[in-house]
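Commentary on secondary and tertiary structure
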Amino acid sequence: MIQLTDIEKVYRTKTIETVALNRVNLQIERGEFVSIMGPSGCGKSTLLNIMGLLDEPTGGYVAIDGQPVKTHSDSKLAKLRNEKIGFVFQSYHLIHDLSVVDNVELPLLYRNVSASDRRKRALEALEKVGLSARTKHFPNQLSGGQRQRVAIARALAGNPEIILADEPTGNLDSVMGEEIMDILLRLNQEEGTTIVMVTHDENMALKTNRLIRFFDGQQVADSMVIEAQI
Amino acid sequence: MLKNYIKIAWAVLQRRKFFTFISLFGISFTLMVLMVVTSLYDHAFGPQMPERESDKLLFVNNMREQFKEGYTNSSPPSYYFLNRFVRPLKTPENVSINSIFMPVNSYVNNKKLTLDQKHTDAAFWDILEFNFVEGRPFSAQEVNNASRVAVINQNTRKNYFGDKEAIGQTIEVDQVKYKVVGVVEDVPVLRLHSYADVWVPITLKSQDFKRTGLKGTYFATIKAKKASDVPKIKDEFASMMLQVNKNSKPEGVQEVFSFADDIFGTFARSLMGGGKTDKSGLLYGILAFAAFLFMLLPTINLVNINISRIMERSSEIGVRKAFGASSATIIGQFIVENIFLTLLGGMLGFLISAGVLEMINDSGILAYVNLGLNLRVFAWGLLLCLIFGLVSGVYPAFKMSRLNAVEALKGGSK
Ligand SMILES: Nc1ncnc2c1ncn2[C@@H]1O[C@H](COP(=O)(O)OP(=O)(O)OP(=O)(O)O)[C@@H](O)[C@H]1O
Ligand SMILES: [Mg+2]
């Protein structure tokens, strides 16, 4: 459902030129749970941002459901992000002026959804991550694991086709990390949500269907995770 | 959508108490000062009782003599000058001559009252629109006969007679007994051409009439037939002054100056000094510029606050973009927030203005002043604030909305 063709991302400043991505070709299929691994600075986040239409590549094409997005306007891209994609960030990025449930409603805010419907769907999403008891709290009243669950609920609320998660467990201890991973696995298996996850944790990566390894802006391996490996 | 914008605006305002306080204070304080100043302006120069037809009224309150040695000397004009040269002017509908008000003592039940007394002719009551609460003004005949009659204001009536009958009673002012013929509503002291506590016939001061100098202790109040006659009256006044300069200059004086101005004009002239030209335009210009500067400061303050406020929220902008807000939506959100803040400040400013005006009224700093909120000025002030709010919100919002989502997300991690 997301197709990357010859993607190149070069950061240029006056003095230096950094190649973050170098001719990446990648196809994400519906229903997959893909993990991306690689050393720090190899371009994983850059790749995820380009997939999520948050960033533009300096070369190559991104296509969503076969449609190239290169010529899309700002508002058209916003609409695509809103309807098809849910983001989960390493540092949660909740809006601290809003309550948990208002945070989760965010993707629905940019759609034509009535306030009561918004609330209903946000509460459903919170239920899926097991946070029904914390809807009126503010983000700073929650633990890191709880915040990340709110962030996942927010990504779910819009019912996206794909969730892009950049080190979702990076800031959490292993127990909370496991919890988050379980939620993602369940989403993928029970609801068929496509997930692309960047991680530094080999064990987590091995729980996914497909593991892509990156080095210096290039894929160096792309393999199906075989049950036996677990 | 709008409800949500306001919700987040409210949340942001509550969370960022210091910023909120500074912005709200800036807006409401500015509005308050604007309101109080314009209210005072209206009070001093606008059409108010008793100078209600202010566009038809002109005042002569100054006589400036420039001596050959170079120095100048100014004071109110004399009765002689006003009676001899101003009263016969042809363009006006009516001319009144009246003394400046003088504080005089009077005793009531052994209590000393200091009253401001003014001597006037009968035309004074025709030209000006006093609100008579009881009785009547004194007539031309009473003036001619130098009758000892007086019109007093409500405050004096209260101090002197309390709840008892006032009309027909005598009051003793400056050791002279007068019969009260009328009681008028209190006139604010800022209306210094009309204000007094006690008004008595000008003929009771006839000893002043014989002096032939140009300087004295009198004013003239001129009423035009219609507002468009005012320039003609000024012209006639100027050519009359040419004659005075030619024929009636005192010894040693090089030139004498006197003008018929409207209320604001008399004020402008006395504030901005000599010369022959009307200073109203210049003073208006200075005042408008001062008001502009005064409004500019909170605007700059607001722009600054907004920029840092919005910068601080770059991560929020990134998140909103990631979840489907377009740049236009983001700009909309910040503009709504800003307008909401401005309106809140405006409302607060309105309440504070009302309170401050009430305080000035009660404090007695200005005698008999009754300042009110000028709604027209408030509307303008609020509109200005809104425009400023828009301008101060649009620029930073626009800047931030252009921010690449990835950069914005990096901007602040929470
Ligand atoms: N705005 C930028 N300007 C210049 N260079 C950048 C910018 N953003 C990223 N880079 C460079 O691009 C490369 C890839 O960065 P990216 O953030 O994608 O790495 P990453 O694989 O996500 O690393 P980590 O595991 O530490 O998150 C890095 O070398 C980084 O220095
Ligand atoms: Mg990264």
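Residues numbered from 1 in each chain as written. Chains lettered and ligands numbered in written order. Predicted model: local features only at pLDDT ≥ 70, side-chain atom pairs only at ≥ 80, totals over all residues. Heavy atoms only, no water.

Structural notes on the overall build of chain B
Put simply, the test is: What counts as a helix is a DSSP run of H or I of at least four residues, what counts as a strand is a run of E of at least two, and both are numbered from the N terminus. Radius of gyration means the value over C-alpha atoms here, while the globule rule gives 2.2 Å times the residue count to the 0.38 power. Whether two residues are in contact is decided by their heavy atoms, any of which lying within 4.5 Å being enough. Computed with a 1.4 Å probe, the accessible areas rest on the Shrake-Rupley method; for each residue, only the protein chains presented here act as cover. Counting rule applied: Lys, Arg positive; Asp, Glu negative; His and chain ends not counted. Lysine's charge is taken at NZ, arginine's at CZ, aspartate's at CG and glutamate's at CD.
Secondary structure assignment for chain B yields 13 helices and 13 strands. A compact globule built from 414 residues would reach a C-alpha radius of gyration of about 22 Å, whereas chain B, at 29 Å, exceeds it by more than 25%. In chain B, once contacts between residues fewer than 6 apart in sequence are set aside, the share between residues at least 24 apart is 73%. As presented, chain B carries roughly 19400 Å² of accessible surface, and 60% of it is formed by carbon and sulfur atoms. When the 46 positive and 35 negative side-chain charges of chain B are each reduced to one mean point, those points stand 7 Å apart.

A few points about the overall build of chain A
Note the threshold: The classification of residues rests on relative accessible area computed with a 1.4 Å probe and restricted to protein chains. Under 20% of the type maximum is buried, over 50% is exposed, and intermediate values are partly exposed.
When helices and strands are counted, chain A shows seven helices and 10 strands. Along the first, second and third principal axes, the C-alpha set of chain A runs to 45 × 45 × 35 Å. Looking at chain A as a whole, 56% of its 230 residues are labelled buried. Residue pairs at least 24 apart in sequence account for 69% of intrachain contacts in chain A once pairs closer than 6 positions are excluded. If you sum the accessible surface of chain A, you get close to 10300 Å²; carbon and sulfur atoms cover 47% of it. Of the charged side chains in chain A, 26 are positive and 30 negative, and the gap between their average positions amounts to 5 Å.

Examining the packing of aromatic side chains
Residue and element names in this part refer to chain B. How we decide: Two aromatic rings from Phe, Tyr or Trp, using only the six-membered ring of Trp, form a pair when their centres are within 6.5 Å; if the ring planes differ by under 30 degrees the pair is stacked, by over 60 it is edge-to-face, and anything between is tilted.
If you walk through the whole model with that rule in mind, you get 25 aromatic pairs over all chains. Residues tryptophan 125 and phenylalanine 130 carry aromatic rings whose centres are separated by 4.9 Å and whose planes lie at 55° to one another, so their mutual orientation is tilted. Given the relative accessible area of 8%, tryptophan 125 is considered buried. Arranged with centres 6.4 Å apart and planes meeting at 50°, the rings of phenylalanine 264 and phenylalanine 267 form a pair that is tilted. Taken as a pair, phenylalanine 264 and phenylalanine 267 lie in helix H8 (residues 263-272) at a separation of three residues, close to a single helical turn. Judged by relative accessible area, which is 4%, phenylalanine 264 ranks as buried.

Looking at the sheet that holds strand S1 (residues 2-12) of chain A
Residues and elements named next belong to chain A. Applicable threshold: Two strands are counted as paired when DSSP detects at least two bridges linking them. Whenever a helix is involved, its axis is fitted only over the stretch in contact; in every case the axis is a line through C-alpha atoms, and angles between N-to-C directions fall within 0 to 180 degrees.
Pairing within the open sheet is antiparallel, and its four strands lie in the order S2-S1-S4-S5. Single-partner strands in this sheet number two, and they are strand S2 (17-28) and strand S5 (67-68). Across five bridges, S1 lies against strand S4 (residues 59-64) in antiparallel orientation. When the bridges of S4 are listed, glutamate 8 appears paired with glycine 59. The strands touched by helix H1 (residues 44-51) are S1, S2 and S4; relative to S2, the strand with the most contacts, the crossing angle is about 55°.

What to know about the pattern of salt bridges
Just so we agree on the cut-off: By definition, a salt bridge exists where a carboxyl oxygen of Asp or Glu is found within 4 Å of a side-chain nitrogen of Lys or Arg.
Under the criterion given, the structure shown has 36 salt bridges over all chains. With its nearest N and O atoms 3.2 Å apart, the salt bridge here joins Glu53(B) to Lys223(B). Here the residue Glu53(B) occupies a position in the loop between helix H2 (17-45) and strand S1 (57-60), and Lys223(B) occupies one in strand S12 (residues 218-223), the gap between them amounting to 170 residues. Since its relative accessible area comes to 25%, Glu53(B) is described here as partly exposed. A salt bridge links Lys232(B) to Asp229(B), with the shortest nitrogen-to-oxygen separation between them at 3.2 Å. Residue Lys232(B) is classed as partly exposed on the basis of its relative accessible area of 47%. Sharing partners across several salt bridges, the network here consists of Arg30(A), Asp65(A), Lys84(A) and Glu161(A).

Quick notes on the packing of helix H10 (residues 314-322) of chain B against helix H11 (residues 327-363) of chain B
Residue and element names in this part refer to chain B. Put simply, the rule reads: Note on angle classes: values under 35 degrees are labelled roughly parallel, values over 145 roughly antiparallel, values of 65 to 115 roughly perpendicular, and the remainder oblique. Left-handed describes a crossing whose near helix is turned anticlockwise from the far helix through less than a right angle; right-handed describes the clockwise counterpart.
Look at H10 against H11: their axes get within 10 Å of each other, and the N-to-C directions meet at 135°. Viewed along their axes, H10 and H11 adopt a mutual orientation that is oblique. Between H10 and H11 the crossing geometry is right-handed. From H10, Glu316, Ile317, Arg320 and Lys321 reach across to H11, where they touch Ser327, Ile330, Gln333 and Phe334.

Thoughts on the layout of surface pockets
Quick reminder of the rule: Space inside and on the surface of the protein is sampled on a 1 Å grid over the protein atoms alone, with a cavity defined as a set of points where a 1.4 Å probe fits but cannot get out and a pocket as an open set with protein on both sides within 12 Å along at least 5 of 7 lines; lining residues have an atom within 4 Å of a point. Grid points are joined across faces, edges and corners, and a volume is the space filled by probe spheres set on the points. In the scheme used here, Gly and all other residues not listed as nonpolar or charged are polar, with Ala, Val, Leu, Ile, Met, Phe, Trp, Tyr, Cys and Pro taken as nonpolar and Asp, Glu, Lys and Arg as charged. Each domain's extent was defined by an automatic or database domain assignment.
What the largest pocket holds in volume is close to 950 Å³. Lining the largest pocket are 34 residues, with Val37(B), Thr38(B), Tyr41(B), Leu287(B) and Ala288(B) positioned closest to its centre. Elements represented by at least two residues in the lining of the largest pocket include exactly H2, H8, helix H9 (280-312) and helix H12 (375-401) of chain B. Ranked by residue count, the leading element in the lining of the largest pocket is H9(B), at nine residues. Taken together, the residues that form the lining of the largest pocket break down as 25 nonpolar, seven polar and two charged. When residues of the lining of the largest pocket are assigned to domains, at least three fall in each of domain 1 (2-47 + 282-411) and domain 2 (63-258) of chain B. Lining the second largest pocket are 20 residues; nearest its centre among them are Leu53(A), Leu54(A), Asp55(A), Glu56(A) and Leu77(A). Those elements that place two or more of their residues in the lining of the second largest pocket are S4 and helix H2 (74-84) of chain A. The class makeup of the residues in the lining of the second largest pocket is 10 nonpolar, four polar and six charged.

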